[in-house]
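Observations on the three-dimensional arrangement
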Amino acid sequence: MAVSEETWTRLIDAALAASRNAHAPYSGFHVGAALLTTDDEIIVGCNVENATFGATVCAERTALGTAVVRGIHDFVALAVITPADHPVAPCGICRQVLAEFCDDLPILMVTESGQRLHVTLEELLPHRFTSKDF
Ligand code: THU
């Protein structure tokens, strides 16, 4: 399903609002994510850092976890916003977790200053390991 410009704008606005709640006292890098569901709902996440560093959870995964808690497993698109000076891609762990639920997914990486880069999950994680492999 093609995602309209208006929908991407809604996702970016939601991701930006979510990023304001990021718990990022260590990196100072506030990330927001917004998932569009097949029911046209938007589910957001922000990064939640931890003093152990290793227990940090990215914005993409908090959004996915929130969706799963609500029984939602089907997604149409993802927008991720960061304060970086270039669009930032989801980390490897988030790519794998997204692949648990999505065969493919249009992803928009956007900076707070408005730079945008469209990619797909297939582009970010080709030849992935999934439940179909065992
Ligand atoms: N982070 C995300 O939330 N998503 C990404 O795609 C990349 C990194 C967070 C994790 C950590 O809180 C901070 O950005 C710096 O790595």
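These remarks concern the structure in this document.

Parameters at a glance
Residues numbered from 1 in each chain as written. Predicted model: local features only at pLDDT ≥ 70, side-chain atom pairs only at ≥ 80, totals over all residues. Heavy atoms only, no water. Pairing = 2+ DSSP bridges. Helix = DSSP H or I, 4+ residues; strand = E, 2+ residues; numbered from the N terminus. Axes fitted to C-alpha atoms, helices over the stretch in contact; angles between N-to-C directions. Contact = heavy atoms within 4.5 Å. Phe/Tyr/Trp six-rings, centres within 6.5 Å; stacked < 30°, edge-to-face > 60°. Buried < 20%, exposed > 50% of the residue type's maximum accessible area, 1.4 Å probe, protein only.

**Points about the sheet that holds strand S4 (residues 106–111)**
Spatially, five strands are ordered S2-S1-S3-S4-S5 in an open sheet, and the strand pairing comes out mixed. Only two strands of the sheet have a single neighbouring strand rather than two, namely strand S2 (42–46) and strand S5 (116–120). Within this sheet the neighbouring strands show an average axis-to-axis angle of 20 degrees, counted without direction. With five bridges joining them, strand S3 (residues 75–82) and S4 adopt parallel strand pairing. Looking at S4, one finds that isoleucine 81 is bridged to valine 110. Along the sheet face, helix H2 (residues 59–69) touches strand S1 (32–37), S2 and S3 and points at about 135 degrees away from the line of S2.

**Focus: the packing of aromatic side chains**
This structure, assessed with the given rule, holds three aromatic pairs. Considering the side-chain rings of phenylalanine 75 and phenylalanine 101, the 6.4 Å spacing of their centres and the 85 degrees angle between planes classify their relative orientation as edge-to-face. Separated by 26 residues along the polypeptide, phenylalanine 75 in strand S3 and phenylalanine 101 in helix H3 (residues 92–101) bring together distant segments of the chain. Judged by relative accessible area, which is 27%, phenylalanine 101 ranks as partly exposed. Measuring from centroid to centroid gives 5.9 Å for phenylalanine 129 and phenylalanine 134, while their planes differ by 10 degrees, and the two rings are stacked. Among the residues examined, phenylalanine 134 registers a relative accessible area of 75% and is labelled exposed.

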